[in-house]
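# Fold and contact review
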Amino acid sequence: MRTPNDVSGDALLAALSALSNPHRLRVIAVLADGRQYVSQLAREMNMSRPLLTVHLRKLEAAGLVNGSLELSEDGKAMKFYELAQFAFVLTPQTVAEAAKTLSGGDHDA
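Okay, so let's go over this structure. This structure is a prediction, so every number in the text was calculated from the model and none was measured. (Residues numbered from 1 in each chain as written. Predicted model: local features only at pLDDT ≥ 70, side-chain atom pairs only at ≥ 80, totals over all residues. Heavy atoms only, no water.)

### Topic: a nonpolar patch on the surface
- Together, Leu16, Leu90 and Val95 make up a nonpolar patch on the protein surface, roughly 250 Å² of accessible area in all.
- For Leu16, a relative accessible area of 41% corresponds to the partly exposed category. (Patch = residues over 30% accessible without salt bridge, like charges linked within 9 Å, V, L, I, M, F, W, Y side chains within 5 Å. Areas by Shrake-Rupley, 256 points an atom, 1.4 Å probe, with all protein chains shown as cover. Salt bridge = Lys/Arg side-chain N within 4 Å of Asp/Glu carboxyl O. Buried < 20%, exposed > 50% of the residue type's maximum accessible area, 1.4 Å probe, protein only.)

### Some thoughts on unusual backbone geometry
- Phi at Asn46 takes a positive value of approximately 55°, unusual for a residue other than glycine.
- Inspection of the secondary structure assignment puts Asn46 in the loop between α3 (38-45) and α4 (49-61).
- By relative accessible area, which is 75% here, Asn46 ends up exposed. (Helix = DSSP H or I, 4+ residues; strand = E, 2+ residues; numbered from the N terminus.)

### Overview of the packing of helix α2 (residues 22-31) against α3
- The geometry of α2 relative to α3 is characterised by a closest axis approach of 11 Å and an angle of 115° between their N-to-C directions. For α2 against α3, the interelement crossing comes out right-handed. Here His23, Arg26, Val27, Val30 and Leu31 of α2 lie close against α3, whose contacting residues are Leu41, Glu44 and Met45.
- When the residues that make up the contact of α2 with α3 are grouped by side-chain class, the tally is five nonpolar, one polar and two charged. (Axes fitted to C-alpha atoms, helices over the stretch in contact; angles between N-to-C directions. Left-handed = near helix turned anticlockwise from the far one by under 90°. Contact = heavy atoms within 4.5 Å. Nonpolar A, V, L, I, M, F, W, Y, C, P; charged D, E, K, R; others polar.)

### Examining the pattern of salt bridges
- Inspection of every chain in the model, using the stated rule, returns two salt bridges.
- Notably, a salt bridge pairs Arg35 with Glu70, separated by 2.7 Å at the nearest N-O pair. Of the two residues, Arg35 sits in the loop between α2 and β1 (36-37) while Glu70 sits in strand β2 (residues 65-71), which places them 35 residues apart along the sequence.
- A relative accessible area of 30% means that Glu70 is categorised as partly exposed.
- The partner of Glu97 in a salt bridge is Lys100, with the nearest N and O atoms 2.9 Å apart.

Here you go:
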């Protein structure tokens, strides 16, 4: 589990970017009740599977959700997602410490 005060600047940017979208915030809210199969999650959120997959990939890349592929009894591949354990404490000090660890590149884009 990522502890609140040891997050790198790049990880913090990825998490904040992932959470900056209302659909992804809703995904987090739904998954807070437990893991779900992609199709079930898409129905619950009234969202197409392709669009949901885009949002899930962004959340997974940021380390906020974990996906796992499982086989049903009839051999069908099913992708499940659940929340990863994460916590971020945003204070001027923790942001300043995270900023010191940013990799190269333009982070204002």
